[in-house]
Amino acid sequence: MKITVTDDLTACHALRRKVFIEEQGVSEAEEMDDLDGQAVHLLAFDGDVPVGTARVLASGDTGKIGRVCVLAQARGTGLGAALIRAALDVLRDMPGITRAKLGAQTHALGFYEKLGFAAYGPIYDDAGIPHRDMMREL
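Residues numbered from 1 in each chain as written. Predicted model: local features only at pLDDT ≥ 70, side-chain atom pairs only at ≥ 80, totals over all residues. Heavy atoms only, no water.

Draft legend 1. How the structure looks around the pairing of strand 7 (residues 129-137). Bridge analysis of strand 5 (residues 99-105) against strand 7 gives seven bridges, and the strand direction is antiparallel. Along strand 7, the bridge assignment pairs Arg 99 with Glu 137. Relative to strand 7, strand 6 (residues 118-126) is paired through six bridges, and the arrangement is antiparallel. Within the sheet, the bridge partner assigned to Asp 125 lies in strand 7 and is Pro 130. Joining the antiparallel neighbours strand 6 and strand 7 is a turn of two residues, in which Ala 127 adopts a positive phi near 55°. (Pairing = 2+ DSSP bridges. Helix = DSSP H or I, 4+ residues; strand = E, 2+ residues; numbered from the N terminus.)

Spelled out as structure tokens, the structure:
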């Protein structure tokens, strides 16, 4: 599996549509927002087939990792963790960014904790799915 920074939003959107809209029932209006144009996008491949994506946004000294998804056939392979590590590398290369933030689905809190994130604040609803914010220093 390889992960690259990409401008191929069509592939990223197709993955997000499959996982978030079709599998998890998120509405298209909630999933497809206006932030993609200002984000750095990562695309993970199994051979030449896109199987995962994530996006990174910067605001002040904080980078936000979001829209992280992996197709069902590539789950359990370590690809999700590799995507997060790649996103952290992108953030480390951004001047002035000192920490990473994300909104984790509550079932995935343990996954992100293993990658150095700590949960803070209350559980909240995002697109009908319970989430909690998490942060880590870079």
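Draft legend 2. Here's a closer look at the packing of aromatic side chains. One pass over the structure, following the stated rule, counts two aromatic pairs. Aromatic pair Phe 111 and Tyr 112: ring centres 4.9 Å apart, planes at 75°, arrangement edge-to-face. The class for Tyr 112 is buried, based on a relative accessible area of 10%. Between Tyr 112 and Phe 117 the ring centres are 6.1 Å apart and the planes differ by 80°, which places this aromatic pair in the edge-to-face class. Taken together, the aromatic side chains of Phe 111, Tyr 112 and Phe 117 make up a single cluster linked through ring pairs. Geometry around Phe 45 places Lys 2 over its ring, the cationic atom sitting 5.3 Å from the centre. (Phe/Tyr/Trp six-rings, centres within 6.5 Å; stacked < 30°, edge-to-face > 60°. Buried < 20%, exposed > 50% of the residue type's maximum accessible area, 1.4 Å probe, protein only. Lys NZ or Arg CZ within 6 Å of the ring centre and 35° of its normal.)

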